Amino acid sequence: MALMDRTQIIEIIPHRDPFLLIDEIESMDEEKGEITAIKYVKETEYYFEGHFPEKKVMPGVLIVEALAQAGAVAILSREKFKGKLAFFGGIKNAKFRNQVTPGDTLKLQVTMEKLGSRAGTAKGTAIILPKNGEPKPEKPIIACQCDIMFVIG
């Protein structure tokens, strides 16, 4: 069962369709600075019309954006940041390891490394979950890993 659904997510971050890229919050630990969100990648996503019509692939930049949105929920859920915005301050060490296609489910794991009053950094990993009926792989299928910097305003 999800900790938060889309309705609860939009109470925290300002993103709206078609740019809200997370569907659920699975878990969140404010003390550890960890959050896990879920993104269900649907065939009807707007970006698949042009990326790419013959082989639909979720753009890497949107995978990173989904990770950042999960991180923003973790930050803006804290009492001292409620009602503020979390902006991208930077992306480092982004690596794209596997393609994300329609029907995939992404598990978005974000861990805060530093969080001050105006900025913070986090590590993000997007993992492709096995489809229903598929065996669990020995190792996670990583779509993307990156370091994200947030600026709070």
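Check the entry above for the structure.
The rules behind these values
Think of each chain on its own: its residues are numbered from 1, step by step along the sequence as written. Note on the predicted model: pLDDT of at least 70 is required for a residue's local features to be given, and 80 or more for side-chain atom pairs to be given and counted; whole-chain, interface and lining totals, by contrast, use all residues. Side-chain numbers here rest on the full set of heavy atoms in the structure, without hydrogens or water. Going along the chain from the N terminus, every DSSP run of H or I of four or more residues is numbered as a helix, and every run of E of two or more is numbered as a strand. What a helix should span is 1.5 Å times the count of its residues minus one. We call a residue buried when its accessible area falls under 20% of the maximum for its residue type, exposed when it is over 50%, and partly exposed in between, using a 1.4 Å probe and counting protein chains only. Think of a nonpolar core as a cluster: buried Ala, Val, Leu, Ile, Met, Phe, Trp, Tyr and Cys residues, connected wherever their side-chain atoms sit within 4.5 Å. In what follows, a contact means two residues having at least one pair of non-hydrogen atoms within 4.5 Å. A carboxyl oxygen of Asp or Glu within 4 Å of a side-chain nitrogen of Lys or Arg is what we treat as a salt bridge. Only Phe, Tyr and Trp rings are paired, with Trp represented by its six-membered ring, and only when their centres lie within 6.5 Å; those with planes under 30 degrees apart are stacked, over 60 edge-to-face, the remainder tilted.

1. Quick notes on the environment of leucine 3
Here leucine 3 is to be found in the segment before helix 1 (6-9). When the C-alpha positions of leucine 3 and alanine 74 are compared, they lie 12 Å apart, and in sequence the two are 71 residues distant.

2. Points about helix 2 (residues 60-76)
In this model, helix 2 (17 residues) spans 24 Å end to end at C-alpha, consistent with the 24 Å of a helix rising 1.5 Å per residue. When you tally the buried positions in helix 2, you get 15 out of 17 residues, the bulk of the element.

3. Quick notes on the nonpolar core
Counting 41 residues, the largest nonpolar core has Ile22, Met58 and Leu106 as its most contacted members. Elements with a contribution of two residues or more to this core: strand 2 (34-40), helix 2, strand 4 (105-115), strand 5 (119-129) and strand 6 (141-152). Broken down by element, the residue count for this core peaks at 12 residues, all from helix 2. If sequence neighbours within four positions are ignored, methionine 58 has contacts with Lys39, Val41, Tyr47, Phe48, His51, Ile63, Val100 and Leu106.

4. Description of the pattern of salt bridges
Scanning the model with the defined rule gives nine salt bridges in all. Aspartate 17 is paired through a salt bridge with arginine 6; the nearest N and O atoms lie 2.4 Å apart. Of this pair, aspartate 17 sits in the loop between helix 1 and strand 1 (24-29) while arginine 6 sits in helix 1, placing them 11 residues apart in sequence. Residue aspartate 17 is classed as exposed on the basis of its relative accessible area, which comes to 58%. When the shortest N-O distance is used, the salt bridge between glutamate 79 and lysine 82 registers 3.7 Å. Bridged by salt links that share partners, the residues Arg6, Asp17 and Asp23 form one connected network.

5. A look at the packing of aromatic side chains
Tallied over the full model, the rule gives two aromatic pairs. Aromatic side chains tyrosine 46 and tyrosine 47 sit 5.2 Å apart centroid to centroid with 80° between the ring planes, which places their arrangement in the edge-to-face category. Note on tyrosine 46: relative accessible area 36%, which makes it partly exposed. Seen in terms of ring centroids, tyrosine 47 and phenylalanine 48 are 4.7 Å apart; in terms of plane orientation they differ by 65°. Their pairing is edge-to-face. Across the pair, phenylalanine 48 and tyrosine 47 agree in class, each one buried. Among the aromatic residues, ring-to-ring pairing joins Tyr46, Tyr47 and Phe48 into one connected group.

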